[in-house]
Amino acid sequence: MASSHHLSAAVRDIPDFPKPGILFKDITPVLADGKLFHDCITLLCATAGDQVIDKVVGIDARGFIFAAAVSDRLGVGFVPVRKAGKLPWKTRGLAYSLEYGENVIELHEDAVRPGENILLVDDLLATGGTAAAAAELITSLGANLIGASFFIELTDLNGREKMPDIPIHAILQY
Ligand code: AMP
């Protein structure tokens, strides 16, 4: 198992991307290293503890990479939260603001069911707008959101304060 230090060393800082003033955390070097990516998914799966998970919900687009791998490792289904206009069936949507812009995300109405235990997974927690909107969509469909797990958390942005009732886990904190 790689320590989180080794994972941290592989995350690349890109200043002023995609806009001036944003320090973008580039996770592609972690993905490109089979052992690091495997260990990252192991650590994300461990955030679920011994709770029963029915589905993993991942957020468009980098979140899909982590969430799909976590769902496969846990042996449960994967559900995408997507940017507006991408999902083909009946959707429920929410507008939210993020660190560098605004967005609308959508979830298929039948993707999570009342009473199902859901783990939300994304690559990075910044202001928390994205994850909080996804959390609201999930719970509005009657599912139990048992936790939200991130590869990276930017702690200065206090994103977890937008989800005070949800257990939040992050593998790396900056
Ligand atoms: P937020 O809604 O502010 O928590 O933003 C989270 C989403 O935006 C995540 O899905 C990230 O993919 C992306 N994001 C925001 N800030 C950064 C950053 N500094 N580096 C990389 N991705 C970011």
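Above this text is the structure in question.
Because the structure is predicted, anything quoted here is derived from the model rather than measured.

A few words on the pattern of salt bridges. The tally for this structure, following the rule as stated, stands at 7 salt bridges. Asp-39 serves as the salt-bridge partner of Lys-35, at 3.0 Å between the closest nitrogen and oxygen. Pair noted here: Lys-35 and Asp-39 are both in helix H3 (residues 34–46), with a separation of 4 residues, about one helical turn. Between Glu-116 and Lys-55 there is a salt bridge, and its shortest N-O distance comes to 3.0 Å. You can see Glu-116 sitting in the loop between strand E6 (101–108) and strand E7 (117–125) and its partner Lys-55 sitting in strand E3 (residues 55–59), a full 61 residues away along the chain. With relative accessibility at 16%, the residue Glu-116 sits in the buried group. Under the relative-accessibility criterion, Lys-55 is labelled buried at 16%.

Basis of the calculations
- Residues numbered from 1 in each chain as written.
- Predicted model: local features only at pLDDT ≥ 70, side-chain atom pairs only at ≥ 80, totals over all residues.
- Heavy atoms only, no water.
- Salt bridge = Lys/Arg side-chain N within 4 Å of Asp/Glu carboxyl O.
- Helix = DSSP H or I, 4+ residues; strand = E, 2+ residues; numbered from the N terminus.
- Buried < 20%, exposed > 50% of the residue type's maximum accessible area, 1.4 Å probe, protein only.

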